[in-house]
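# Topology and contacts: notes
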Amino acid sequence: MIDPGSLGRRLHELRADRGLALTALARQAGVSVSMLSAIERGEKTPTVVVLSRIADGLGLSASRLLAGLEHDRVLVRRAAEQEHIAEPGGWHRTVLTPVVPGVNFEWIRTTLPPGCDAGTFPAYAPGSHEFVVVESGELTLGVGEGEYVLAAGDSVYFPADAAHSYANRSGNPCVYSVAALIMRPRDSRMTPPRPA
């Protein structure tokens, strides 16, 4: 398991070695200054996508950024360590999976209130995949030009190298999980956003 304090110290050292201010690395990585600062202080463990962005901003691979920090091959992310993100529009995401060096996989649980549209996400890099399982309510999933209405218990797979969207057009809350394997683009300036 990667200790957040060790990761924060390593990130601070790498940034200082390059003569980068916190704001400069945040801009290069496409990560907020507050998020980067919290990671350096060991208060937050970044998601796989955020870790990849920071590594790109430093000109490193994620595995080089994390080299020597992994103490155990079994990574446990306790419920209290899961990242909870409240998004504009009232929807909520919880990142369930631990960060694993060199593995671009995330499992995210999302709750959409009634009538909430989480928006459209741009295509990820070729070779990206998403699996979606609806736990409760009704989810309208858009993939490219297609639209799919999924009920509780339904699941779907789609190649995530197409624009995709998530919406709850019903009068009840919708809870669903996304398992995403996100390939990193070659151009670090085109880092994909987090899955919904």
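Anyway, here's the lowdown on the structure attached to this text. Note that the structure is a prediction, hence the values are computed from the model and not measured.

Helix and strand counts for the protein come out as five helices and ten strands. Counting every position in the protein, which comprises 196 residues, the buried fraction comes to 46%. Taking the intrachain contacts of the protein between residues at least 6 apart in sequence as the baseline, contacts between residues at least 24 apart amount to 65%. Summed over all atoms, the accessible surface of the protein reaches about 9600 Å², with 54% contributed by carbon and sulfur.

Now for the state of the cysteines. Throughout the structure, instances matching the rule amount to zero disulfides. Free cysteine Cys 116: the closest other cysteine sulfur is in Cys 174, separated by 9.9 Å. Overall, Cys 174 belongs to the buried group, its relative accessible area being 0%.

Packing of helix 2 (residues 22–29) against helix 3 (residues 33–40) brings their axes to within 9 Å, and their N-to-C directions diverge by 115°. Overall, the two elements helix 2 and helix 3 adopt an arrangement that is roughly perpendicular. Crossing geometry of helix 2 relative to helix 3 is assigned as right-handed. Across the interface between the two elements, Leu 22, Thr 23, Leu 25 and Ala 26 from helix 2 touch Val 33, Leu 36, Ser 37 and Glu 40 from helix 3.

Strand pairing in a sheet relies on backbone hydrogen bonds. The paired strands run either parallel or antiparallel. Across the sheet, which stays open at both edges, the four strands sit in the order 4-9-6-7 with antiparallel pairing between neighbours. If you trace the sheet from one side to the other, it starts and ends with strand 4 (117–121) and strand 7 (146–151), each paired once. Sheet twist, expressed as the average angle between the axes of neighbouring strands with direction ignored, equals 15°. Sheet topology note: the strand 6 (residues 138–143)/strand 7 ladder contains six bridges and is antiparallel. Bridge assignment links Val 143 to a residue of strand 7, and that residue is Gly 146.

Along the chain, Leu 150 turns up in strand 7. Its relative accessible area of 8% is what places Leu 150 among the buried residues. Taking the C-alpha atoms as reference points, Leu 150 and Tyr 176, 26 residues apart in sequence, are found 9.9 Å from one another. For Leu 150, the contacting residues outside a window of four places in its chain are Val 134, Gly 137, Glu 138, Leu 139, Leu 141 and Val 156.

Moving on: the packing of aromatic side chains. Summed over all chains, the structure comprises three aromatic pairs. Relative to Tyr 166, the ring of Phe 121 lies with its centre 6.0 Å away and its plane at 70°, an arrangement referred to as edge-to-face. Here Phe 121 is found in strand 4, whereas its partner Tyr 166 is found in strand 9 (residues 164–167), with 45 residues between them in sequence. Of the two residues examined, Phe 121 and Tyr 166, each falls in the buried class. Pairing Tyr 166 with Tyr 176 gives two aromatic rings, centres 5.4 Å apart and planes at 10°, and the pair type is stacked.

Calculation rules
- Residues numbered from 1 in each chain as written.
- Predicted model: local features only at pLDDT ≥ 70, side-chain atom pairs only at ≥ 80, totals over all residues.
- Heavy atoms only, no water.
- Helix = DSSP H or I, 4+ residues; strand = E, 2+ residues; numbered from the N terminus.
- Buried < 20%, exposed > 50% of the residue type's maximum accessible area, 1.4 Å probe, protein only.
- Contact = heavy atoms within 4.5 Å.
- Areas by Shrake-Rupley, 256 points an atom, 1.4 Å probe, with all protein chains shown as cover.
- Disulfide = S-S within 2.5 Å.
- Axes fitted to C-alpha atoms, helices over the stretch in contact; angles between N-to-C directions.
- Parallel < 35°, antiparallel > 145°, perpendicular 65-115°, else oblique.
- Left-handed = near helix turned anticlockwise from the far one by under 90°.
- Pairing = 2+ DSSP bridges.
- Phe/Tyr/Trp six-rings, centres within 6.5 Å; stacked < 30°, edge-to-face > 60°.

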